[in-house]
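Architecture and fold: a report
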Amino acid sequence: MIKLENVSKIYGKNIKALQDISLKFAEGELIILKGVSGSGKSTILSLIAGLSKPTFGEVIVDGKKISKLPDHFAASYRRDNIGIVFQKYNLIPELSVQENVLLPLFPLNLPREDMRQKAKKVLEMFSIEHKSSLMVRNLSGGEQQRVAISRANINDPKIILADEPTANLDEKLSREFIEILRELKSKNRTIVVATHDPLFFELDFVDKIVNIEHGKLL
Amino acid sequence: MFLTPEIITLSILNLLFVVFATIAFINSLKIVLKYDANATSSYQYALEKKSYLSATIIKFIFYVKIPLFIFFVYTLDDLSNILPGAMCAAGVVSATSYGTPLLFLKILNLYVFAFWIVLNDEDMKYEDQPYLKQKFLLFCVAYFLLIAEIIVESFMFNGMDINSVVDCCGAIFSTTSATYLAEILSLSPKILLSIFYGVFILLVLFYFLKNRYIYAVLNIVFVLIALITLIAFFGTYIYEQPTHHCPFCLLQRDYNYIGYFLYIILFVGTFFGFVIGIIDFQAKELRKRFNISLLYNTIYVALVTYYPIAYYLKNGVWL
């Protein structure tokens, strides 16, 4: 369960990214945050991920007050519970596909063989295992996104956050991504997608569409 | 006043400490007075940010201050080459009326600052930061101790006069001078050693009984009796001179800088022993600190015991 209670986020002195927002998402739901650029969608994602803190209000995930966590606990919470797919994927081009996917596992000090097995499993799940030894910079946009999704899922997170995931994809690849979301939802993952891509708005498996404008709910 | 590179270094660092510690102090006051862990107002979130910033500032000040004590002692020792009459740091300490209070203040601060670091580390281990208010309250006290130390240190360096002859350690730590120290030094070595080894045996006993409160109190007693016996008895075997009772000469090259080693070991052993009596550590952490404390205290006891025994084996007599 994700809860935002009377959350406001003000950057600097008076840039109001979010204004007194209250939201509630149940476990296993797919939620679309809809709005134009600058409406506050990404800010909501970063608050749920514990990447930033609200100016007012509270963010609660599974009963834990995320917005009150000290920074190093927020990092642990993120590592254990959250998978993030960024608009520009945020992969390291100089590393291979497998190395990129393995990155979130390094702080866990797992045995190397366990790490490799996990990477293999997740790369197979998202049909990119055959490219595991290639440098990321040599992959197409769609392939890079599969790597990003694999990385977001390697820790088996309960919550997946995707920020404009199809902004750099053509329609065919966007539909492929949507199918991946369907699969993740079937595994009872809670998924929050921030997007203004119309492809998402009429999907039959979306549980909730939240409209945001100028940091307020419509 | 005169300036040496060491005094200039200490003065610049002191200035930086005052600036940053004052920032941290102002924030600490706000946190102590206004922090509410359950509140979700913008002021509370701002206070949380300030608490991270202040804790980081304080941590780095104390991380520097603790080893800087060794540099300060080295500076005193070095200044003895300039002050006429001084043979070691003891002469420099006694050159002004600020020297002795400063030394005691610095030793006290050493324990307070180290305690703050441990408290902060413990606080940061838990999501709800159970010691947050306590650690900033402690810093508010430590801030005044730090400022007092810096002021007294400045007075001491300012008050030194290279044209005045100061006492050497032989006069200061003489058993015949009319001071409390002379009275302590005149006590029978048998009594002092009985207390010293007796307290150590009690330390070992309460280590096995795992009674952290009594163990902590015993560490306070142990550090005092360890210093007294070092000056009154063990030091004479390090110097191999029955009348040489100086706690500073053993910091010099002539004695292989053994003093630094002894004091650091004593500090680590007694500090970890003392701290477990105050902070409620988890079982594993408590055990670790018990072990560190006893290990270092044992090394200290073994090391100081070595000198008289080695002397006796070599010469067949006691001093």
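The structure presented is a predicted model; accordingly, all values stated were derived computationally and were not measured.

A look at the pairing of strand S6 (residues 82-85) of chain A
Residue and element names in this part refer to chain A. Of the two faces of S6, the one carrying Ile82 and Ile84 and the one carrying Gly83 and Val85 are both buried. Note that S6 and strand S7 (residues 159-163) share four bridges and pair parallel. In the sheet register, Gly83 faces S7, and the bridge partner there is Ile160.

Here's the deal with the packing of helix H1 (residues 5-34) of chain B against helix H2 (residues 42-79) of chain B
Residues and elements named next belong to chain B. Their axes nearest at 9 Å, the elements H1 and H2 cross at an angle of 150°. Judged on the interaxial angle alone, H2 and H1 are roughly antiparallel. The two elements H1 and H2 meet at a crossing, and its hand is left-handed. Per-class residue counts for the contact of H1 with H2 are 16 nonpolar, five polar and five charged.

Some thoughts on the sheet that holds strand S3 (residues 30-34) of chain A
Residues and elements named next belong to chain A. The six strands are arranged S6-S7-S8-S3-S9-S10 in an open sheet whose pairing can be described as mixed. The open sheet has two edge strands with one neighbour each: S6 and strand S10 (216-217). Along the sheet, helix H6 (residues 171-186) makes contact with S3, S7 and strand S8 (190-195), crossing S8 at roughly 150°.

What to know about the interface of chain A and chain B
In this assembly, 10 residues from chain A lie in contact with eight residues from chain B. Every element with two or more residues in the side of chain A that touches chain B is listed here: strand S4 (56-61) and helix H2 (71-81) of chain A. With three residues, S4(A) is the single largest residue contributor to the side of chain A that touches chain B. Taken together, the residues that form the side of chain A that touches chain B break down as five nonpolar, two polar and three charged.

Here's the deal with the domain arrangement of chain B
Residues and elements named next belong to chain B. For chain B, the assigned domains are domain 1 (5-159) and domain 2 (173-315). Once you take the C-alpha centre of each, domain 1 and domain 2 turn out to be 25 Å apart. Contacts between the two partners involve 13 residues from domain 1 and, on the opposite side, 12 residues from domain 2. For the side of domain 1 that touches domain 2, the secondary-structure elements that each account for two or more residues are H2, helix H3 (89-93) and helix H4 (99-123). Examining the composition of the side of domain 1 that touches domain 2, we find that seven residues originate from one element, H4, more than from any other. The residue inventory of the side of domain 1 that touches domain 2, partitioned by class, reads 11 nonpolar, no polar and two charged.

Things to note about the confidence of the model for chain B
On average, residues of chain B score 90 in pLDDT, and 97% of them are at 70 or above. Scored by ipTM, the complex comes to 0.80, with pTM at 0.84.

Comments concerning the sheet that holds strand S1 (residues 2-11) of chain A
Residue and element names in this part refer to chain A. Here we have four strands laid out as an open sheet, ordered S2-S1-S4-S5, and antiparallel in their pairing. Two strands lie at the open edges of the sheet, namely strand S2 (15-25) and strand S5 (64-65), each paired on one side alone. For S1 and S4, the ladder comprises five bridges, and the chain directions are antiparallel. Bridge pairing links Ile2 to Val61 in S4.

Points about the nonpolar core
Counting 77 residues, the largest nonpolar core has B:Cys88, B:Ala89, B:Ala90, B:Val92, B:Phe139, B:Phe248 and B:Tyr300 as the members making the most contacts within it. Here this core spans two domains, since at least three of its residues come from each of domain 1 (5-159) and domain 2 (173-315) of chain B. When residues no more than four places from it in sequence are discounted, the contact partners of B:Tyr300 are B:Ala226, B:Leu262, B:Ile265, B:Leu266 and B:Gly269. In this structure, A:Leu18, A:Ile21, A:Val59 and A:Ile82 belong to the second largest nonpolar core, which totals 54 residues.

Details of the pairing of S2(A)
Residues and elements named next belong to chain A. When S1 meets S2, the two strands line up antiparallel, connected through seven bridges. By the bridge assignment for S2, Leu4 is matched with Leu23. Hairpin connection from S1 to S2: three residues lie between these consecutive antiparallel strands, with Gly12 at a positive phi of about 60°.

Rules and cut-offs
- Each chain has its residues counted from 1, following the order in which its sequence is written.
- Each chain is given a letter, starting from A, and each ligand a number, starting from 1, according to the order in which they appear as written.
- Residues qualify for local features only when their pLDDT is at least 70, as the model is predicted, and side-chain atom pairs are given and counted only at 80 or more; totals for whole chains, interfaces and linings, by contrast, use all residues.
- Burial in this document is a count-based property: other C-beta atoms within 10 Å of a residue's C-beta are tallied, and the residue is buried at 20 or more, exposed at 12 or fewer, or partly exposed in between, with C-beta positions derived from the backbone.
- Strands are runs of DSSP state E lasting at least 2 residues, helices are runs of H or I lasting at least 4, and numbering of each runs from the N terminus.
- The rule for pairing is simple: two strands pair if DSSP sees at least two bridges between them.
- Structural elements are reduced to axes, namely lines fitted to C-alpha atoms, with helices fitted over the stretch in contact, and the angle between N-to-C directions of any two is expressed from 0 to 180 degrees.
- An angle below 35 degrees is read as roughly parallel, one above 145 as roughly antiparallel, one from 65 to 115 as roughly perpendicular, and any other as oblique.
- We call a crossing left-handed when the near helix sits turned anticlockwise from the far one by less than a right angle, and right-handed when that turn is clockwise.
- Side-chain classes are defined by residue name, with Ala, Val, Leu, Ile, Met, Phe, Trp, Tyr, Cys and Pro counting as nonpolar, Asp, Glu, Lys and Arg as charged, and the others, Gly among them, as polar.
- It is the C-beta atoms, placed from the backbone, that decide contacts: two residues are in contact if theirs lie within 7 Å.
- In this entry, domain limits derive from an automatic or database-based domain assignment.
- A residue's pLDDT is simply how confident the predictor is in it, with values from 0 to 100.
- As used here, a nonpolar core is made of buried Ala, Val, Leu, Ile, Met, Phe, Trp, Tyr and Cys residues. They are joined through C-beta atoms within 7 Å.

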